[in-house]
Amino acid sequence: MTEFTRRQALLLTLAAGLPLASRAHAAAQKITVALDWTVNTNHVGLFVARDKGFYNEAGLDVEILPYGDTGAGTLVANRIADFGIAGVGLFTQRAAGADLKAVYAVVQQETGQLVFNADRSEIKGPKNLDGLTYGGFGSAWENTLISTIIRHDGGKGVFETVTLGTSAYEALANGSVDFTLEVSTWEGVDAELKGVRQRGFRYADYGVPDEHTTLIASSNAYLQANPKAASAFVEATRRGYQFACDHPQEAGDLLIASNKDALTDPALIHASLKMLVDGHFLRSHAGVIGTVDKAKIEAIGTYLFRAGILLDGDGKVLKEKPDFGAYFTNEFLGA
């Protein structure tokens, strides 16, 4: 478990001597966090930090906002939420002028993979996907990603796309589409538990830079106005993810108990969390947890820029490569 910084320890010591009314007032700073999707194991550290009292100990009252029609990045950039879960969309939104900055890396490596049914013996490598049908989710990023993977294996990178959203997984299972993309630590685990036999290709093995698939972002406006609260939140959040790595069974039970209506398959939650921990996604082989890797940000940002995916506020392709160092900070992680 991550230790408190000296500043936090001093604050708690001082708070212990305050009258109850003053202590309650000091602990009441409200922070909102927007989710990027329905509750899943990527979010475990947030719920652990909230329900184990780590946020309260840091002087925060944290509300985890449910996923809705408006994306987390948009809510954060417009100051409706103070923090939010972000992915590759952080790059596209930031390039277009959105006020976003990553402050925490939830996963230390790519969790996505391209998958197809295991009985497709004719698919021996990505180049065999040329001319087949992809069940997708409607973003330009997907087409660039898949084309890169196929071309890296010697193919042309030409395929048909049917936009299906999450029903792509059912379509793959019944053969309506030939391949799709999935999160290995969620849909991949779910498929294995259901006995669905799949094979797949890791993005990083075929020319796509490894990346932090999931980040926590805030806005420069919020960070500049609330540096102490931001530090307290990020550090307490890291404690939550640290706890999940050290005590995955308890963390999984807590996540389920906090979201009984949404998480109705305990086996999936625990198997997914086991993969996140054992696969060194939440905490790297070197023990890194939460820190954003500058090289990863630069690599995936440059990849998106060269692919013409990053557009300015007028919808025009960026002509000059952005300063991707401004897209993230580790300053709120503390020591």
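Residues numbered from 1 in each chain as written. Predicted model: local features only at pLDDT ≥ 70, side-chain atom pairs only at ≥ 80, totals over all residues. Heavy atoms only, no water.

### Notes on the pairing of strand 10 (residues 215-218)
Point 1. Residues of strand 10 alternate between two faces, with Leu215 and Ala217 on one and Ile216 and Ser218 on the opposite face, all of them buried.
Point 2. Strand direction decides the pairing type here: strand 3 (residues 83-86) and strand 10, joined by three bridges, are antiparallel. Considered in strand 10, the bridge of Ile85 is made with Ile216.
Point 3. Strand direction decides the pairing type here: strand 4 (residues 101-105) and strand 10, joined by four bridges, are antiparallel. Along strand 10, the bridge assignment pairs Tyr104 with Ile216. (Buried < 20%, exposed > 50% of the residue type's maximum accessible area, 1.4 Å probe, protein only. Helix = DSSP H or I, 4+ residues; strand = E, 2+ residues; numbered from the N terminus. Pairing = 2+ DSSP bridges.)

### Regarding the pairing of strand 8 (residues 179-183)
Look at any regular strand and the pattern is simple: side chains alternate between the two faces of the sheet.
Point 1. In terms of burial, strand 8 is a largely internal element, four of the five residues being buried.
Point 2. Here strand 5 (residues 112-117) pairs with strand 8 via four bridges, running antiparallel. Bridge pairing in strand 8 links Val115 to Thr180.
Point 3. Sheet topology note: the strand 6 (residues 133-136)/strand 8 ladder contains two bridges and is parallel. Note on strand 8: the bridge partner recorded for Tyr134 is Phe179.

### Remarks on the sheet that holds strand 8
Point 1. Ordered in space as 7-6-8-5-9, the five strands form an open sheet in which the pairing is mixed. Strands at the two margins of the open sheet, each flanked by one partner only, are strand 7 (160-163) and strand 9 (198-202). Taking each pair of neighbouring strands and ignoring which way they run, the sheet shows an average axis angle of 35°.
Point 2. Relative to strand 8, helix 7 (residues 140-152) is tilted by about 110°, and along the sheet it contacts strand 5, strand 6, strand 7 and strand 8. (Axes fitted to C-alpha atoms, helices over the stretch in contact; angles between N-to-C directions. Contact = heavy atoms within 4.5 Å.)

### Regarding helix 13 (residues 266-278)
Point 1. Here helix 13 contains 13 residues, and its C-alpha end-to-end distance of 18 Å stays within 8% of the 18 Å for a straight helix at 1.5 Å per residue.
Point 2. Of the positions making up helix 13, those classed as buried are Leu268, Ile269, His270, Ser272, Leu273, Leu276 and Val277.
Point 3. Buried-residue contacts for helix 13 involve helix 3 (44-51), helix 9 (187-193), helix 11 (227-246) and helix 12 (248-258).
Point 4. Phi turns positive one or two residues past the end of helix 13, at His280, with a value near 60°. (Expected span 1.5 Å × (residues − 1).)

### Let's talk about the packing of helix 7 against helix 14 (residues 294-306)
Point 1. Packing of helix 7 against helix 14 brings their axes to within 11 Å, and their N-to-C directions diverge by 100°. With respect to each other, helix 7 and helix 14 are oriented roughly perpendicular. For the pair formed by helix 7 and helix 14, the contact residues are Trp141, Thr144, Leu145 and Thr148 on the first element and Ile300, Tyr303 and Leu304 on the second.
Point 2. Its residues assigned to classes, the contact of helix 7 with helix 14 comprises five nonpolar, two polar and no charged. (Parallel < 35°, antiparallel > 145°, perpendicular 65-115°, else oblique. Nonpolar A, V, L, I, M, F, W, Y, C, P; charged D, E, K, R; others polar.)

### Concerning the confidence of the model for the protein
Point 1. In this model, the protein carries a mean pLDDT of 92, and residues with pLDDT of at least 70 account for 91%.
Point 2. Considering only residues more than four positions removed or in separate chains, one finds that residues 1-25, a stretch of pLDDT under 50, has 24 contacts. (pLDDT = per-residue confidence, 0-100.)

### Details of unusual backbone geometry
Point 1. We note that Arg79 has phi near 60°; this positive angle belongs to a residue other than glycine.
Point 2. Mapped onto the secondary structure, Arg79 falls in the loop between helix 5 (72-77) and strand 3.
Point 3. Residue Arg79 is classed as partly exposed on the basis of its relative accessible area, which comes to 42%.
Point 4. At His280, a residue that is not glycine, the phi angle is positive and equals roughly 60°.

### Re the packing of aromatic side chains
Point 1. Following the criterion strictly, the structure yields 16 aromatic pairs and no others.
Point 2. Here the aromatic rings of Phe83 and Tyr222 are separated by 5.4 Å at their centres, their planes lie at 75°, and the arrangement is edge-to-face. Placement of the pair is Phe83 in strand 3 and Tyr222 in helix 10 (residues 220-225), with a sequence separation of 139 residues.
Point 3. A ring pair is formed by Phe159 and Phe179, whose centres lie 6.0 Å apart and whose planes are at 65°; its orientation type is edge-to-face. Placement of the pair is Phe159 in the loop between helix 7 and strand 7 and Phe179 in strand 8, with a sequence separation of 20 residues. With respect to burial, Phe159 and Phe179 carry one shared label: buried.
Point 4. Above the face of the Phe54 ring, Arg239 is positioned so that its terminal group lies 3.9 Å from the ring centre. (Phe/Tyr/Trp six-rings, centres within 6.5 Å; stacked < 30°, edge-to-face > 60°. Lys NZ or Arg CZ within 6 Å of the ring centre and 35° of its normal.)

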